[in-house]
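# Architecture at a glance
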Amino acid sequence: MRHILPTVPLTHLTPHAPTAGQTAASKPGKGKAAAVAALLALAGIIFLTFNHFHVPLSKSGFFASLSLIFASEIGDKTFFIAALLAMRYGSLLSFLGSVSSLSLMTVISVVIGYAVQRVPTVVESSEILGKYLSAASLLYFGLVSLYTAAKSGDATAGDELIEAEEQVGRAEKDGTIQKTTGAARSKPETTFQSFMEIAGLIFVAEWGDRSMLATIALGAAQSPLGVAGGAILGHTVATYIAVVGGAALANHISEKTVNVIGGILFILFAGATALGVF
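Before going into details, it helps to say that this report is about the structure given with it.

Reading the values: rules and limits
- Chains are numbered independently. Their residues run from 1 in the order of the written sequence.
- This being a predicted model, a pLDDT of at least 70 is required before a residue's local features are given, and a value of 80 or more before pairs of side-chain atoms are given or counted; all residues contribute to the totals for chains, interfaces and linings.
- As a convention, hydrogens and water are excluded, and side-chain values are obtained from all of the structure's heavy atoms.
- Secondary structure counts use DSSP, requiring at least four H or I residues in a row for a helix and at least two E residues in a row for a strand, with both numbered from the N terminus.
- Working rule for contacts: check all heavy atoms of both residues, and any pair within 4.5 Å makes them a contact.
- Here the accessible surface of atoms and residues is derived via Shrake-Rupley with a 1.4 Å probe, and residues count as covered only by protein chains that are part of the display.
- Fitting a line to C-alpha atoms yields each axis, with helices limited to the stretch in contact; the angle taken between N-to-C directions then spans 0 to 180 degrees.
- Note on terminology: angles under 35 degrees are roughly parallel, angles over 145 are roughly antiparallel, angles of 65 to 115 are roughly perpendicular, and the others are oblique.
- With the far helix as reference, a near helix turned anticlockwise by less than a right angle produces a left-handed crossing, and one turned clockwise produces a right-handed crossing.
- For this scheme, ten residues count as nonpolar: Ala, Val, Leu, Ile, Met, Phe, Trp, Tyr, Cys and Pro. Four count as charged, namely Asp, Glu, Lys and Arg, and the remainder, Gly too, count as polar.
- In a helix, the anticipated span is given by 1.5 Å times the number of residues less one.
- The classification of residues rests on relative accessible area computed with a 1.4 Å probe and restricted to protein chains. Under 20% of the type maximum is buried, over 50% is exposed, and intermediate values are partly exposed.
- Two aromatic rings, drawn from Phe, Tyr or Trp (for Trp, its six-membered ring), form a pair once their centres lie within 6.5 Å of each other, and the interplanar angle then sorts them: stacked below 30 degrees, edge-to-face above 60, tilted otherwise.
- Candidates for patches are residues over 30% relative accessible area with no salt bridge; among them, like charges are joined within 9 Å and nonpolar side chains (Val, Leu, Ile, Met, Phe, Trp, Tyr) within 5 Å.
- Every case where a carboxyl oxygen of Asp or Glu lies within 4 Å of a side-chain nitrogen of Lys or Arg is listed as a salt bridge.
- Remark: nonpolar core denotes a set of buried residues (Ala, Val, Leu, Ile, Met, Phe, Trp, Tyr, Cys) joined through side-chain atoms within 4.5 Å.

Time to look at the overall build of the chain. A count of helical and extended segments in the chain gives ten helices and zero strands. For the chain, the N- to C-terminal ordering of α and β elements is α-α-α-α-α-α-α-α-α-α. For the chain, contacts bridging at least 24 residues in sequence account for 89% of all contacts bridging at least 6. For the chain, the accessible surface area stands at approximately 13,000 Å², while carbon and sulfur atoms represent 69% of it.

Below is the structure:
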């Protein structure tokens with residue numbers, strides 16, 4: 001049985017003093033505004049790319065990947081890691097580092113899915129096989145989500161926040177990220193060093209996660225461009241919510257509700273994929 005955090009302002013969540021890697025744009029107000037600008041710019045680039053290549057959004061897997069990834073990431077461990085890193089490095093730097101890492105992960109996942117669909121190319125039924133394997137994978141994720149929701153009761157996402165804190169703490173101990181205080185910090189970090197620390201930690205945390213496997217499944221059945229665009233935008237929106245106040249939402253995000261919504265979406269898109277609706 002998952003326990004519920006009594007209060008959110010944990011000692012670990014106290015914002016650290018700015019590091020050398022934090023620029024003026026990383027201050028709370030400016031950082032959040034810059035993150036909004038980056039999110040809107042990315043959305044514009046995605047839609048312009050779709051328009052350039054004449055890819056219809058409704059038939060590309062864009063909306064399927066957008067909704068599934070967003071539902072999977074809200075309240076997830078990676079979500080809270082981004083929130084904790086925003087307190088350490090600033091909203092903008094955490095946002096850019098996290099989104100860059102998740103975008104790379106998305107591209108890798110889509111390439112894997114596309115390879116599953118196309119190899120071996122001599123087998124005419126490979127696309128059909130890929131479609132049904134994708135549908136089966138999405139159905140599995142949906143059933144697991146509903147099962148998790150049934151077990152979670154009224155628990156909030158507090159446990160995910162605790163796991164995120166533990167992972168950030170382990171990364172600090174093993175030197176993956178530098179401590180922000182104390183004698184162990186030998187010299188100030190550059191912005192690039194901070195960016196790479198954020199990106200690396202998020203990449204490791206997300207590797208093999210449900211959202212990555214779901215992206216592979218969609219990439220095997222839908223347009224690679226559509227799936228990549230939707231997944232990246234879903235990650236971007238979820239990460240923005242995380243960096244502007246994700247930790248404070250820990251006691252207000254219902255684990256059961258998130259899993260029910262995610263489970264239903266997975267099952268719906270599994271059926272749509274099997275029937276060739278998208």
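The next subject is the packing of helix H3 (residues 77-89) against helix H9 (residues 224-243). The geometry of a pair of packed helices is captured by two quantities: the angle between their axes and the separation between those axes. In the contact formed by H3 and H9, the axes pass within 8 Å of each other and the chain directions differ by 45°. In terms of orientation, H3 and H9 fall into the oblique class. When the axes of H3 and H9 are compared, the crossing they make is right-handed. Contacts from Phe79, Ala82, Ala83 and Ala86 of H3 reach H9 at Ala238, Thr239, Ile241, Ala242 and Val243. Here the residues of the contact of H3 with H9 sort into eight nonpolar, one polar and no charged.

We now examine helix H7 (residues 191-206). Between the first and last C-alpha of H7 there are 23 Å, a value that for 16 residues agrees with the 22 Å anticipated at 1.5 Å per step. Along H7, the residues that are buried comprise Ser194, Glu197, Ile198, Ala199, Leu201, Ile202, Ala205 and Glu206. Two residues or fewer after H7 comes Gly208, characterised by a positive phi angle close to 80°.

Here we take up the packing of aromatic side chains. Evaluated as defined, the whole model comprises six aromatic pairs. The rings of Tyr140, Phe141 and Phe266 are connected pair by pair, giving a single aromatic cluster.

A separate point is a nonpolar patch on the surface. Together, Val260, Ile264 and Leu268 give the surface a local cluster of nonpolar side chains, amounting to about 250 Å² of exposed area. Structurally, Leu268 can be placed in helix H10 (residues 255-275).

Ranked by internal contacts, the top residues of the largest apolar core, which has 28 residues, are Ile81, Leu85 and Ile202. Among the elements of the structure, helix H1 (28-52), H3, helix H4 (91-118), helix H6 (158-173), H7 and H9 are those that each provide at least two residues to this core. It is H3 that contributes the most residues to this core, eight residues altogether. Discounting residues that sit within four places of it in the chain, Ile81 has contacts with Ala164, Gln167, Val168, Leu201, Ile202 and Ala205. Judged by nonpolar contacts, the second largest core, of 15 residues, contains Ala64, Ala71, Val110 and Leu218.

Turning our attention to the packing of helix H2 (residues 62-73) against H10. The contact between H2 and H10 brings their axes to 9 Å, and the two run at 155°. The orientation of H2 with respect to H10, classified from their angle, is roughly antiparallel. Considering how the two elements wind past one another, H2 and H10 form a crossing that is left-handed. Taking contact as the criterion, the partners of Phe63, Ala64, Ser67, Leu68, Ala71 and Ser72 in H2 are, on H10, Val258, Gly262, Leu265, Phe266 and Phe269. Residue composition of the contact of H2 with H10, by class: eight nonpolar, three polar and no charged.

Turning to the environment of Leu66, a few remarks are in order. Turning to its location among the elements, Leu66 is positioned in helix H2. Through-space distance from the C-alpha of Leu66 to that of Val227 is 7.8 Å; in sequence the pair is 161 residues apart. In this view, Leu66 contacts Gly230, Ala231, Leu233 and Gly234; residues no more than four positions away in its chain are not counted.

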